[in-house]
Structure formats: structure tokens, C-alpha cells
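One letter stands for each residue in the lines below.
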Amino acid sequence: MITDPDSRGTRVDTGVGPGTTARVGGGSATPPSAGWQPLAGPALLDRLRVTGRPRPSVDAALVGNLRGYLDRGLDDVAATVGGPATVVTGHRLTAALACGIHRPDDGVGCPPISAPLACGALVGVLFRQWVTTGSFDDPFDDALEGLSIDGHQAPVVAWIEGLSAARRSELRAEVGRQADGIRQRWPALDPAWLPRTREPIRVELAHGRVELAVRIDLVLGRPAVLDASVALVEVTSALLRPGHRDDARLGALAETLRSGAPPFAVATYSTRTGELDVEAVTPELLVGAANRLVAGVRAMIPGGERSAAGAAPWCAGCAAELFRPAASTVTSVSPVRAARPAAPDVLVDVPEELAA
Amino acid sequence: MTVTCVAASGAVDRPDGVVTADDLSAVRALVVDGIAQAVSGLADGPSVEVTLSSLRRARTEPSSIGAPYEEFAWKPVFVRRSLGLAAVQACVEGRFRAPSVAVGPVADDAVDQWRRTGWRTFHWEPWFAGLGAGARAAVLAEAVTWASALWVAFDWDDAGPRARFGGADDLWTCPGNSGIRLKGRCEIRLDRSGHTRPTDRARRGAEELVSVSSGLPGDAVDEELAYLALVAALCAPDRPVPLRVLGLWPDAGERHAVHVDLELLRRAAARVVVSVAETVDARVRVRQEPVRPARDPAVDPAQVAANSSFAPLASGLPAAVSGISSTMSS
């Protein structure tokens, strides 16, 4: 059985609208309570489409202000850092902002290949397949084929192929279970929404010294004309946690800077639990994402401002710890390296840095 | 992504933008002479294919020039352009509502046709036909994402009737150096003849080229886009030089258009010569490396030289080529 090291804590339901599963606080790294049923079919799409707030207008001034805000925040970075542009991805940003306890060993957020990570990679491929074709044959075989089609994910494929029969069978079972969830909950998407998967976004910042590079698992909606019309969905095979919201917000910021219009919603969907965590995109959300980006880039550059153990306001690991039982929380905030929490669970996107 | 409406994107017909036949001859001479100088002294003419991608690499990743090519193998990213273009064309023709529902049938049609006739419209048909469901879905997904970006970039009611999708690459072989080939690949050609005055012979049949690239536009996009017009003009000198080239960078939400004139073509020609020179330079360096005793004392330099097509003049070449490079770069 593939285990989730962060499967504890409390869950907070907001009760926003009938049948919704939205959460406050960016998720709680805990499985949904008994009796709860994930949204499915039209209800799932309605949750995504109707955020409870008016969709933001396309506002050139907002985009200009955001860009100016970022450029001012990174002004000295542009002045001092030479060489190729610093490429900022979601994983690198999270790693750079982690405190001394949660900072990954490699410093860039590229975790070792593990069963959860492999599961995430496979399920990510399956989600894409479902959106594109609306069908699976054998989920595990399909996913492995999709993962193997080019050399990009070769390390993960090699790791999977090196599993013992028993471990491979466990992985197959979990992938199949999550595939069933996708099949049962995600309806066919209207072609008029232009559903597209793994859409890359690249944005230059700090006069070209910084390059923001993200990929959005699912983008829905035509480009905005007057009002925001695009929704972004990140997919994870993990339990939802605060860090997922950080990633989704970074995607919102990147999309806003790229397109000159914000998305109206960002969401994270957990294939593991079927939860869909939706946030309406507001100026406050975008400014928060910009602040986090500036802090992360400044921590990323040589000699940057890294946070000490247990003292990082943007540390996703610390945020996740807040939702753990008390004993665990006490341990996690202690500035002792040995108290490092278990490895993060599933990432649906194998970090680009890990791929060959 | 910002909607790019080509039909409303500004005046294209600029009387001063027309490149005459004499202008084109002058640019052609620049390219031919520059390449001849770049490869002068080589006993065997090198084989160099200049593409938009190689032009960009020569500027942004010069260290990658001369690196050995990976053996070709089909991947989703190699299929997405041709399949995506065919899907967009099918949508423009009203056969499908959107790329997401077009790519599958378009790919199936291509495979069916290949099975029936042996004709490969896209070349990937046999490879695609052998894929399982998962791999096939990965190919289709990549094409949907690529095509959707293009689908929303134009007002197809206006551009659709004038659009020619894909098609053969423009290929021009340098006279006197048959190993040097310039390849231009644009995604769409928009016919401008409907917008020209009937008496204006120079513009009849003129086209506007559209190029779609991934990543971010660099800082030399004008010359890079003009390169596509240059190759189109060189390989079809009897046709009008493309009036304009529009570049789209969907990842970055950027678009950039250049009006093609003599000065811009000259700059593109200079980039081509620099690229060829640097490629030749890099290959010579690679060939020379095994001769170095410090690296491999067991190698007989004389034997290496005898086996090298660059051997007769290799020792004098890099400096000469570098000289050209620096001149052209400045």
C-alpha cells in the first residue's frame, strides 16, 4: 500500500454552497472525513466555474502595477546577478523559501524518486489522457506508456521498471484506484472551453535576469476579452496541503503576467481524495503571490536571504505542520535538523529538474 | 493569452516596404559571398543546415553549436506542430468546434490514409499507428495544447480563407557550397493578394508568414523572423518577398511582427553567415580535439588528419572563421 506520511490533522469545511468541498486555510493535509463524498460531474465543474465572487475585469493597470511591483522588488537582483537568467519554477521557489528544517537536501526541491512520486507522475499522465481522450484501457499500462513516450521522464520510468513484482503490484493498484476516481468524477469537458493540459507559461522578470517557468496541468476557458475567463487547475495525487495553494497562486500570477488578464479561479484537484480546492483570483491573491515570488527569488540567488530553521514565513512545510497534531507540530518547529519531517508525499508533477 | 487579431493588427501595405528584385539579388549576393568566405579554405564543403532554431542557438547557446546530433526518434513534441496545424485547419474549415475534438480524428485519418495508400502526409503515421492508448493520448494532448494556442491567436473569419497551413519547408541551397542549406519553416502563410491593388504587380501573390515558437522571444527577434522571409524569397525569387512576418510565442503571450524591407533582410543575411561560420568553426574544433596529445597520446595526429575532411587546412581555419564571426556580429 502506498502510504501518505502526512495523512493526519484536521479538516475544515467552509460549507460554501451546497455540496462543495472547498476548504479554508489552503487544505489540511488530511483525508476527508467519513461520509464525505467528493464532487463529481456537473457539480465539480460548477464548483470551478462559480467561485462566489464576480469575475475580475481585464485590467491593464493591474498587470502593469504587478509587473512594476515585481521589477522593483527584484531591482537589485537584476543589477547584481550576471550570467544566464535565474529560472524560477514552483519547486525551486518552494525549496528556496523553506526553512532550515524543511529545506530539501539538494536545495532545489528535487526529491528522490519514491513510490508516491512515481504514482504522482503516472496519475498525472492519466489525468491528461482522460481530459484528452475520455478513456483508459489499463490505467497503469496506459500511464507507463505515456510516461515512457519520450526520454523526459526516463529516471522515473526506470525506477518503476526496477520495482519488484510486489511493489509494482501495489503501485498498479493505487494508480488504478486514482484512475477510477478520475473516471467517475471528471465529466467530458466542453470543447468550447478549450481544455488544454500541461500548458507552459514563461515570463521574464527583472529585465530578463529572472525567468518564471510554470506548467499548468489543466487550463480551461478562452482568453479574456473584458472579464477574466480562464480557470487553472493543478492536479496532485497527494492530500491537499497549503503548498498546493502556493503553487496554484504562482500559476495565477504567471498567467496574469503572460496574458494581461488574471484567471478568474485557480484550483487544486486531488486525485487521491477527489477534493477540489478552488480559490477566486483577487488582486490580494496576486499581490501575495508576487510577494512570495520576490522573497523566493531573493533567497534563490547566490548569497540570498535564506530563512533560518523554523523562521520562514513562506515555508510550505511549516504551514503544513500547523495542521498536524500538537505533538508533531512541537517537534517540527524545533530548530533541530534531526526533527526533519518525513519526505513529502506525492507530487503529481515530477519536477523538471528531476527529468532527464 | 492575449488575442491576436491579425486582420486588425495594423497596416501591412507599406509602399516603402516592398523589396524589389534588385534588392533581393543584392541580399542573395551577401549570403552567397559571406558563406563562401566563411567556409573558404575547406577542402571539402561542410554540410550545414541553417534553421530558425540553429540561428537562435548560435546566439543564445553558442556552446551547443557543433555538438553531435541526437539520433532522431519521434516524440510528442515533434508531432504536435504538424498535427496541431492540421487540427486548426480542420477547425477553420468548420469540420470541428475546437482543437480538442479535432486532433484525434485528424490523426486517425492520417493513419488510415497511410494504411490505404502508403502515403505519409506527416511522416509520423507509422510511428503513431504503433502506439498504445497511453502513448497515443500523450501525443494528442501535446498537440491539443499547441493547437489551442494558435486557435485563439487569430480572427479566423478573416484570416481563415487566406491561410495556408504548414506545407513544405522553404529550402535553399547555397550556390557554390551545396552543403550549406537554409531551411525556413513557418506555420501559416497568409495570402495578401486580395488586399493589393490589381496594378501592383510586385505585390501580387505576396504573403505574410506566421511563425509559432515556444519559450520566450529573444533580443534579436527582428532578424530571426526576417530569416523566414529571406529563405522564402531566396528559394522562390520569382515571387514577391513576404511582406511581413508575425511571430507568436504562446508560452510567453508575446507576439511580434516585422515588416520586411531591404535593411532587415541584410541583417538576417548577416545572421546566417555568422551562424554558418560559427558552425564550421565549432566542427573544426571538435575534429581537432582528438589530435591533442595531452588528451589522448595514443592517437596518431597524422592518422587523424588523414581521416578528417577538414584536415588539409584545419590548422588555419578557426582564426579565419572567427574573424568573420566577430565582424558580422558587430
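Rules used throughout
- Residues numbered from 1 in each chain as written.
- Chains lettered and ligands numbered in written order.
- Predicted model: local features only at pLDDT ≥ 70, side-chain atom pairs only at ≥ 80, totals over all residues.
- Heavy atoms only, no water.
- Helix = DSSP H or I, 4+ residues; strand = E, 2+ residues; numbered from the N terminus.
- Buried < 20%, exposed > 50% of the residue type's maximum accessible area, 1.4 Å probe, protein only.
- Contact = heavy atoms within 4.5 Å.
- Areas by Shrake-Rupley, 256 points an atom, 1.4 Å probe, with all protein chains shown as cover.
- Domains from an automatic or database assignment.
- Buried area = accessible area lost by both parts, 1.4 Å probe.
- Salt bridge = Lys/Arg side-chain N within 4 Å of Asp/Glu carboxyl O.
- Polar contact = N/O pair within 3.5 Å; in protein donor to acceptor, adjacent residues only side chain to side chain.
- Nonpolar A, V, L, I, M, F, W, Y, C, P; charged D, E, K, R; others polar.
- Expected span 1.5 Å × (residues − 1).
- Axes fitted to C-alpha atoms, helices over the stretch in contact; angles between N-to-C directions.
- Parallel < 35°, antiparallel > 145°, perpendicular 65-115°, else oblique.
- Left-handed = near helix turned anticlockwise from the far one by under 90°.
- Pairing = 2+ DSSP bridges.

## A short note on the overall build of chain A
The helix and strand tally for chain A stands at twelve helices and six strands. Looking at chain A as a whole, 58% of its 356 residues qualify as buried. Contacts in chain A between residues far apart in sequence, at least 24 positions, make up 74% of those at least 6 positions apart. Accessible area for chain A stands at about 13,800 Å²; split by element, carbon and sulfur atoms hold 57% of it.

## A short note on the overall build of chain B
Each helix and strand counted, chain B has eleven helices and eight strands in total. A burial count over chain B gives 49% of its 330 residues as buried. Accessible surface for chain B amounts to roughly 15,000 Å². Of this, 50% is attributable to carbon and sulfur atoms.

## A word on the domain arrangement of chain A
All names here are of chain A. Taken domain by domain, chain A holds domain 1 (11–29 + 38–103 + 192–322) and domain 2 (115–185). Using C-alpha coordinates to define each centre, domain 1 is positioned 26 Å away from domain 2. Counting residues at the interface gives 16 residues for domain 1, matched by 14 residues for domain 2. Buried area between domain 1 and domain 2, both sides added, is near 1,100 Å², and the carbon and sulfur share of it is 59%. When the buried area of domain 1 at its contact with domain 2 is split by residue, T197, S237 and T271 rank highest and sum to 39% of it. Where domain 1 meets domain 2, there are zero salt bridges. Counting every contact that joins domain 1 to domain 2 gives four residue pairs in polar contact (both at pLDDT 80 or more).

## Comments concerning the interface of chain B and chain A
Contacts between the two partners involve 34 residues from chain B and, on the opposite side, 30 residues from chain A. If you look at where chain B meets chain A, you find two salt bridges. Residue A:D190 is joined to B:R97 by a salt bridge in which the shortest nitrogen-to-oxygen separation is 3.0 Å. At the junction of chain B with chain A, the criterion picks out eight residue pairs in polar contact (both at pLDDT 80 or more). Going through the elements one at a time, α4 (99–117) and α6 (133–151) of chain B are the ones with two or more residues in the side of chain B that touches chain A. For the side of chain B that touches chain A, a count of residues per class yields 22 nonpolar, eight polar and four charged.

## Considering helix α9 (residues 242–259) of chain A
Along an α-helix, residues three or four apart share an orientation, since each turn contains 3.6 residues. All names here are of chain A. For α9, built from 18 residues, the straight-helix expectation of 26 Å at 1.5 Å per residue is met to within 8% by its first-to-last C-alpha distance of 26 Å. Taken across its 18 residues, α9 has 16 buried, putting it largely inside the fold. At the C-terminal side of α9, G260 shows a positive phi close to 75°.

## A look at the packing of helix α6 (residues 139–148) of chain A against α6(B)
Between α6(A) and α6(B), the least distance of the axes is 6 Å, while the angle of their chain directions is 50°. Judged by the angle between their axes, α6(A) and α6(B) are oblique. In terms of crossing hand, the pair formed by α6(A) and α6(B) is right-handed. Along the contact surface, α6(A) presents A:D142, A:E145 and A:G146, while α6(B) presents B:A133, B:G134, B:A135 and B:A138. Across the contact of α6(A) with α6(B), the residue classes break down as three nonpolar, two polar and two charged.

## Section: the sheet that holds strand β4 (residues 177–184) of chain B
Residues and elements named next belong to chain B. A sheet is described by the order of its strands in space; here three strands give the open sequence β1-β4-β3, paired in mixed fashion. The open sheet has two free edges, formed respectively by β1 (48–50) and β3 (170–174), since each of these has just one partner strand. The mean angle between the axes of side-by-side strands here comes to 25°, regardless of whether they run parallel or antiparallel. Its contacts with the sheet put helix α8 (residues 221–235) on β1, β3 and β4, and the angle it makes with β4 is roughly 125°.

## A closer look at the packing of helix α2 (residues 60–73) of chain A against α9(A)
All names here are of chain A. Contact geometry of α2 with α9 gives a least axis separation of 9 Å together with a crossing angle of 115°. Compared by their axis directions, α2 and α9 come out roughly perpendicular. The element α2 and its partner α9 pack so that their crossing is left-handed. Where α2 approaches α9, its residues V63, L66, R67 and L70 are matched on the opposing element by L253, T256 and L257. Taken together, the residues of the contact of α2 with α9 sort by class into five nonpolar, one polar and one charged.

## A word on the pairing of strand β3 (residues 210–220) of chain A
Residue and element names in this part refer to chain A. The element β3 is extensively covered by neighbouring structure, given that ten of its eleven residues are classed as buried. Pairing of strand β1 (residues 86–88) with β3, which is carried by three bridges, proceeds in the parallel orientation. The residue bridging V87 from the neighbouring strand is E211, located in β3. Examined bridge by bridge, strand β2 (residues 196–205) and β3 share nine bridges and lie antiparallel to one another. Following the sheet pairing, V203 is matched in β3 by L212. Taking the residues between adjacent antiparallel strands as the criterion, β2 and β3 are bridged by four residues, where A206 takes a positive phi near 50°. Pairing between β3 and strand β4 (residues 231–236): three bridges, direction antiparallel. The residue bridging L220 from the neighbouring strand is A231, located in β4.

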